Every structure is written in structure tokens, then in C-alpha cells.
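# Structural overview for review
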Amino acid sequence: MLPDLLTLIYIQRDNATSPAAPIQPRFWPLWLSKNPRLRLRSLGTSSAAALIHTKYSSFSSTYAALMQPVEQSDFARYLAIYHSGGFYADGDVVPILPTDRWPGTFGWRWASAGSGASAGSSLLRDVMIVGVEDTRPLRIAQFVFASVPKHPLLLAVAEEVQARVWRIVSRRASVVERTGPLAWTDAIVSYIRRHGPPVLASLNETSLRAFLIEEQIGRLIPLHGGRWQLLVLPYRAFGFNRAHDHYLVKLPTTQHLCHHLFDGSWKGWQQWSHRT
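Residues numbered from 1 in each chain as written. Predicted model: local features only at pLDDT ≥ 70, side-chain atom pairs only at ≥ 80, totals over all residues. Heavy atoms only, no water.

## Considering the side chain of Thr62
Applicable threshold: Strands here mean DSSP runs of E at least two residues long; helices mean DSSP runs of H or I at least four residues long; both are numbered from the N terminus. Between buried and exposed lies partly exposed: a residue is buried under 20% and exposed over 50% of the maximum accessible area for its type, with that area taken using a 1.4 Å probe on protein chains only.
Its place among the elements puts Thr62 in helix H3 (residues 60-65). We classify Thr62 as buried; its relative accessible area is 0%.

If you want it as C-alpha cells, here you go:
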């Protein structure tokens, strides 16, 4: 099972006039009302940096080189969930269904304690859960995701981001490619190719990305021979935003797990990167 922990991250700009004290994202009361057992954790400018510098020092120089708060927020979320597991959500993600119903809404069930790993099993064990944000091209959502602690795919994402930080010039327009959804999506697809079933490794890039877009119940992909898993939920689980193309499947509404408002503060004028 996933830890009952929700992490949100806010990073203050260097020239921000707001105090550096922790703030309560506006949807925290709603998260708690729907998930009474959920523990909430907020990482701010100092605590996010401390986590990386003390626990993951191999990434310290990369994190220090990130000048934009949104990039720091991107990088910190990957390592924070790798470290502790649980759920990550941006500050503008509105919960709809309780988190303990998320996999079951699409028919996925947890394996019983003590059951062995199997590459062909449809039961959830050591899993990371993501959802499709868009399909043309494929973009996997990183405004909300969940994982067991120490899932190797999350560490691989951090390593991919680290490589991109030193290769791609930092500009506001490069955020999604450097640390954000494009880097996240590319790292996940590459990891599936390297560590998923051989039949997926044999697909070309276009076919593999198309395979991940399954509009009924999603895809459960065994990794490392079934030791780890990746569950890719359908678009309607996390997306269903009006800004996206009409062809994307948004129904049934009973399978909407949460709603992303796409308020991205990093896009221009707000002081916090947690998108409230």
C-alpha cells in the first residue's frame, strides 16, 4: 500500500516580499476532509533544499544551479516522493475521490501481504501511479502522482533532470523540457524501454507512447521482472481540463480522482511555485 502522506512543495522567489514561513495551500482542508488518515507535509524553500543536500548530496550542485522556483519545485518533488513515498499534488489540485479509492476506481486491486511478485500479475504491489495529462504528444502528468518509497523510476527521473539541467539553458520557456512534464515523460518512457517487458522495448518510440494511452482502465507495467510496477491511469483520472482537445475521454465523471486547475504561478506573476 501507499503511505498515507501528501506532500506539497512551495519555493519562494529570491525577491519575494511574502514571509518565508510555511503557508497552508487552499485545498488542504478538502484533502483532509476526504482523507482523514492522510498526513500532510509541506516543504518550503529551506526544507526542500535541506532534504536534497543532506539525503541526496549527489544532486546538491544541480539543485543549487536551478534559478527558477518552479524548477526547484519540480526537482524536489521527485526526490521527496522517492524518499518517503505517498502522494504529491500541486497546490491547485482539487481532490475529488479519497486517495484510498484511486486504483480501485479503475478496477486495480492491491496484492495481499506476503504474496510473491509476478511479472504478469494485475495486483498492485511496489507501484508508482501516474496519469496521462495529454496525448498529442503524450504527456504524463507530474502535477499529481503517487508511489511507494524508493521506487527506482523516481530516482531515474531525477537523474534525467540532472543531465538536462546542465545541457539545456534555463529560460522560462524551457521549464517543461528541462525539469517539468517533458523531462518527466521522457524519463518514464525511457525507463519502461530499459526495464519493462521485452515486448515494449521492441516497440518504436511512437508505438510505445501510444501503448501507454489506454482509455479504459490504464496500463500496469511490470518493471525489473515484476519487482516494481508502474500504473499509468487514463486521462480522465487526473486531467479532463476544458483546455485540452475534445477527443480526450473525460467520462465517466465518477472516475475523476482529482482536478487540476492549471493555475501555474510560475507562468508569470505569482511569488510561489506551488501554483495556488
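## Let's talk about empty space enclosed by the protein
Here is the rule: Residues are called lining when one of their atoms sits within 4 Å of a cavity or pocket point, these points coming from a 1 Å grid over the protein atoms alone, where a cavity is a set in which a 1.4 Å probe fits but cannot get out and a pocket is an open set with protein on both sides within 12 Å along at least five of seven lines. Grid points are joined across faces, edges and corners, and a volume is the space filled by probe spheres set on the points. In the scheme used here, Gly and all other residues not listed as nonpolar or charged are polar, with Ala, Val, Leu, Ile, Met, Phe, Trp, Tyr, Cys and Pro taken as nonpolar and Asp, Glu, Lys and Arg as charged.
One pass over the structure, following the stated rule, counts 1 cavity of 30 Å³ or more. Considered as a void within the structure, the largest cavity measures approximately 40 Å³ in volume. Here the lining of the largest cavity is built from residues that sort into 6 nonpolar, 1 polar and 2 charged.

## Details of the packing of aromatic side chains
Here is the rule we go by: Between the rings of Phe, Tyr and Trp (Trp by its six-membered ring), a pair exists once the centres lie within 6.5 Å; its type follows the angle of the planes, with under 30 degrees stacked, over 60 edge-to-face, and the other angles tilted. By the criterion adopted, a ring carries a charge over it if an Arg CZ or a Lys NZ lies within 6 Å of its centre and within 35 degrees of its normal.
Under the criterion given, the structure shown has 10 aromatic pairs. Among the aromatic side chains, those forming a connected cluster through ring pairs are Trp31, Phe87, Trp102 and Phe238. In this structure, Lys150 is placed above the aromatic ring of Tyr82, and the distance from its NZ or CZ to the ring centre is 5.7 Å. Over the ring of Trp228 we find Arg227; its NZ or CZ atom is 4.1 Å from the centre of that ring.

## Observations regarding the pairing of strand S9 (residues 144-147)
Applicable threshold: Here the rule is simple: two strands pair whenever DSSP picks up at least two bridges between them.
Residues Val144 and Ala146 line one face of S9 and the alternating positions Phe145 and Ser147 line the opposite face, and both faces are buried. Inspection of the sheet shows strand S3 (residues 86-89) paired to S9 by 4 bridges, in the antiparallel sense. Within the sheet, the bridge partner assigned to Ala89 lies in S9 and is Val144. With 2 bridges connecting them, strand S7 (residues 127-135) and S9 associate as antiparallel partners. Paired with Met128 across the strands is Ser147, a residue of S9.

## Some points on the packing of helix H8 (residues 181-195) against helix H10 (residues 205-212)
As a reminder, the rule being used: Helix axes use the C-alpha atoms of the stretch in contact, all axes being lines fitted to C-alpha atoms, and the angles between their N-to-C directions lie in the range 0 to 180 degrees. Comment on the angle field: the value is read as roughly parallel under 35 degrees, roughly antiparallel over 145, roughly perpendicular from 65 to 115, and oblique elsewhere. Contacts: residue pairs with any heavy atoms within 4.5 Å of one another.
With their axes 11 Å apart at the nearest point, H8 and H10 run at an angle of 100° to one another. Here H10 runs roughly perpendicular to H8, going by the angle between their axes. Taken together, the residues of H10 that come into contact with H8 (itself represented by Thr185, Asp186, Val189, Ile192 and Arg193) are Glu205, Leu208, Arg209 and Leu212. In terms of residue class, the contact of H8 with H10 is built from 4 nonpolar, 1 polar and 4 charged.

## Observations concerning the packing of helix H4 (residues 69-84) against helix H6 (residues 152-167)
When two helices pack together, their arrangement is given by the angle between the helix axes and by the axis-to-axis distance. What counts is decided by this rule: In this scheme the crossing of two helices becomes right-handed for a clockwise turn of the near helix relative to the far one and left-handed for an anticlockwise turn of less than a right angle.
The interhelical angle for the contact between H4 and H6, taken along N-to-C directions, is 155°, at an axis separation of 9 Å. When the axis of H4 is compared with that of H6, the two are roughly antiparallel. For the crossing formed where H4 meets H6, the hand is left-handed. Counted together, Phe75, Tyr78, Leu79, Ile81 and Tyr82 of H4 and Leu154, Leu155, Val157, Ala158 and Val161 of H6 form the full contact between these two elements. In the contact of H4 with H6, the residues fall into 10 nonpolar, no polar and no charged.

## A word on the pattern of salt bridges
Applied cut-off: A carboxyl oxygen of Asp or Glu within 4 Å of a side-chain nitrogen of Lys or Arg is what we treat as a salt bridge.
Within the structure shown, the criterion is met by 10 salt bridges. Measuring nitrogen to oxygen at the nearest pair gives 3.7 Å for the salt bridge that ties Asp100 to Arg37. Remark: Arg37 occurs in the loop between helix H1 (28-34) and strand S2 (39-43) and Asp100 occurs in the loop between strand S4 (93-95) and helix H5 (102-105); sequence separation between them is 63 residues. Grouping residues by exposure puts Asp100 and Arg37 together as exposed. Linked by salt bridges that have partners in common, Glu160, Arg164, Asp186, Arg193, Glu205 and Arg209 make up one network.

## Looking at the side chain of Gln255
Spelled out, the test is: Any pair of N or O atoms that falls within 3.5 Å is considered a polar contact. Within protein, one atom must be able to donate a hydrogen and the other to accept it, and sequence-neighbouring residues count only if both atoms are side-chain atoms.
Structurally, Gln255 can be placed in the loop between helix H11 (235-238) and strand S12 (258-260). Among the polar contacts made by the side chain of Gln255, one reaches the main-chain carbonyl oxygen of Thr105 at a distance of 3.3 Å. Those residues in contact with Gln255 that lie beyond four places of it in its chain are Thr105, Phe106, Arg236 and Ala237.

## Here we look at H10
Note the following rule: Taken from the helix axis, the directions to the C-beta atoms give the arc we talk about.
Within the sequence span of H10, burial applies to Leu208, Arg209 and Leu212. Across the axial projection of H10, the buried residues extend over an arc of 95°, all falling on one side. The elements touched by buried residues of H10 are S7, strand S8 (138-140), H8, helix H9 (198-201), strand S10 (219-223) and strand S11 (228-233). The residue sitting at the N-terminus of H10 and contributing the capping side-chain oxygen is Asn204; that oxygen lies 3.2 Å from the backbone nitrogen of Thr206.

## Some thoughts on H8
One turn of the α-helix equals 3.6 residues, which is why residues spaced by three or four share an orientation. For clarity, the cut-off: One less than the number of residues in a helix, times 1.5 Å, gives the span that helix is expected to have.
Between its terminal C-alpha atoms H8 stretches 21 Å, which fits the 21 Å expected from 15 residues at 1.5 Å a residue. All of the buried residues along H8 are Pro181, Ala183, Trp184, Thr185, Ala187, Ile188, Val189, Tyr191 and Ile192.

## What to know about the environment of Ser174
Looking at where Ser174 falls in the secondary structure, it is placed in the loop between H6 and helix H7 (175-178). Here Ser174 falls in the buried class, since its relative accessible area comes to 2%. Residues Ser174 and Glu71 lie 103 residues apart in sequence; the distance between their C-alpha atoms is 9.9 Å. For Ser174, the residues in contact, after removing those within four places along its chain, are Ile168 and Val169.

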